[in-house]
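Descriptive analysis of the structure
Each chain, written out:
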Amino acid sequence: MSFTVSAAEPLPSPVGVGIIGLSARGGWAARAHVPALEALKGKFELRALSASSAESARAAGQKYGIPLAFGSAEELVRRDEVDLVVVTVKVPHHRRLVEAALHAGKNVLCEWPLANGLAEAEELAGLAARAGVRGFVGLQARANPALRYTRDLVAEGYVGEVLSTSMIASGAAWGPTFPSGSEYLLDRDNGATMLTIPFGHTIDALSTVLGEFTETTATTAVRRPRVTNAESGESTTMTTADQVAVTGVLETGAVASVHYRGGSSRGTNFHWEINGTDGDLIVTAPSGHLQVAPVTLHGARGNDARLTALAVPDTYERVPSLAGRSDEPGYALAHAYAALHDDLTEGTRTAPDFGHAVRRHRLLDSIERAATTGERTRLAP
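Small disclaimer: the values here were computed from a predicted structure and weren't measured.

Each value, and the rule that gives it
- Residues numbered from 1 in each chain as written.
- Predicted model: local features only at pLDDT ≥ 70, side-chain atom pairs only at ≥ 80, totals over all residues.
- Heavy atoms only, no water.
- Helix = DSSP H or I, 4+ residues; strand = E, 2+ residues; numbered from the N terminus.
- Rg over C-alpha atoms; globule rule 2.2 N^0.38 Å.
- Contact = heavy atoms within 4.5 Å.
- Areas by Shrake-Rupley, 256 points an atom, 1.4 Å probe, with all protein chains shown as cover.
- Lys, Arg positive; Asp, Glu negative; His and termini not counted.
- Charge placed at Lys NZ, Arg CZ, Asp CG, Glu CD.
- Pairing = 2+ DSSP bridges.
- Axes fitted to C-alpha atoms, helices over the stretch in contact; angles between N-to-C directions.
- Parallel < 35°, antiparallel > 145°, perpendicular 65-115°, else oblique.
- Left-handed = near helix turned anticlockwise from the far one by under 90°.
- Nonpolar A, V, L, I, M, F, W, Y, C, P; charged D, E, K, R; others polar.
- Expected span 1.5 Å × (residues − 1).
- Buried < 20%, exposed > 50% of the residue type's maximum accessible area, 1.4 Å probe, protein only.

1. Remarks on the overall build of the protein
What the protein contains, in helices and strands, is nine helices and 18 strands. For the protein, the C-alpha radius of gyration of 20 Å lies close to 21 Å, the compact-globule estimate for 381 residues. When the backbone C-alpha atoms are referred to their principal axes, the protein occupies close to 60 × 50 × 40 Å. In the protein, 71% of the contacts between residues at least 6 apart in sequence involve partners at least 24 apart. Carbon together with sulfur atoms contributes 48% to the accessible area of the protein, which is approximately 16400 Å² in total. Where the 35 positive side-chain charges of the protein centre and where its 42 negative ones centre are 2 Å apart.

Right under this line is the structure:
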């Protein structure tokens, strides 16, 4: 299924932003979106927020100095001051809130995953296309300067022809314990799983650097069916796979192998090798959440006897105030916002949109089908 997006009128700067799900108690929107937007002051202006209640909204508005604070998303999406609605709530609520924004004629940035499954994602992409507005998805790992540099090195022939790529990673969550408030991550039916979140973010980065998968085989398993609340000590059921092993072939013919494990390892928590006919690139990070983890790059080629660190050229830094601060939660997100700003104000198409989100959901769907049937699945180009 393909989606034709109507041409939208470019917006002037600064782009007015309204965040659904910004809380005075913290959370992802507070830790990453607010600093990312602050780093791009002049390009964006945070004008509105909505929270779970009017009281919560007022508290958040006072804390972050945001003039418009609402107890419902429906109030926020109707405001003329808001050009871009940012959806930062739990996955099961994405569909309803994105639909509300699109029906109001607003451009949308929705956290990844876009929806709870492929069918919902296709519906939202179709709705955005019919509404003639821009729908973006928060797959920000691809915007990380180190990964953009890795993509360009591969494209320029640093490793020669790519033969294969191998990745091993830890999901951090989905281990033996979980913190209060994150129980919804344990139920696969909620769509917020290790496969959809860290694997989804990181496989998008892999595809950005090396190209799309054309076929997959997979094994998934729930090796910890009972897990423990770290605060209360109570045990509960986990139905989300905490082991995801995928092999496949990329559009270049390169062979790929990816293994995600729940929890954290005492050894390696993220290691990615790209092996070619004339060289090798190694990407490492402290966790398998490549959308937020600081990335280190090493390489060797030709007659090089050993790997050496590869510094990312300054030209890849699009957010000067965050240069060299890749350990900040909003670092890659700020770079994604910079690309999104270009798209909204200049009419370019560089940031991942809802159509791209459907492609990524389709890959995850193929992996789940391959794991269920035990058969190789093929993806359309």
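2. Some details on the sheet that holds strand S15 (residues 279-284)
Strand pairing in a sheet relies on backbone hydrogen bonds. The paired strands run either parallel or antiparallel. Taken together, the nine strands give an open sheet; going across it, the order is S17-S16-S15-S14-S7-S13-S12-S9-S18, and neighbouring strands pair in mixed fashion. Of all strands in the sheet, those bounded by a partner on one side alone are strand S17 (308-309) and strand S18 (377-378). Sheet topology places strand S9 (residues 213-221) next to strand S12 (residues 243-250); eight bridges connect them, and they run antiparallel. Across the sheet, residue Ala 218 finds its bridge partner in S12, namely Val 246. Relative to strand S14 (residues 270-276), helix H7 (residues 195-210) is tilted by about 25°, and along the sheet it contacts strand S7 (162-170), S9, S12, strand S13 (255-261) and S14.

3. Overview of the packing of helix H5 (residues 118-131) against helix H9 (residues 354-373)
Angle between the axes and distance between the axes are the two parameters that describe a pair of packed helices. One can describe the packing of H5 onto H9 by two numbers: an axis separation of 9 Å at closest approach and a directional angle of 165°. With respect to their mutual orientation, H5 and H9 come out roughly antiparallel. Crossing angle aside, the handedness with which H5 passes H9 is left-handed. Facing Leu 118, Ala 121, Glu 122, Leu 124, Ala 125 and Ala 128 of H5, the residues of H9 in contact are Phe 354, Gly 355, Val 358, His 361, Arg 362 and Asp 365. Along the lines of polarity and charge, the residues of the contact of H5 with H9 split into seven nonpolar, two polar and three charged.

4. Considerations on H5
Look at H5: 20 Å from first C-alpha to last across 14 residues, which is about the 20 Å you get at 1.5 Å a residue. Of all 14 residues making up H5, ten are buried, and the element is well covered by its neighbours. For H5, the complete set of buried residues consists of Leu 118, Glu 120, Ala 121, Glu 122, Leu 124, Ala 125, Gly 126, Leu 127, Ala 128 and Ala 129. For H5, the elements touching its buried residues are helix H4 (94-103) and H9.

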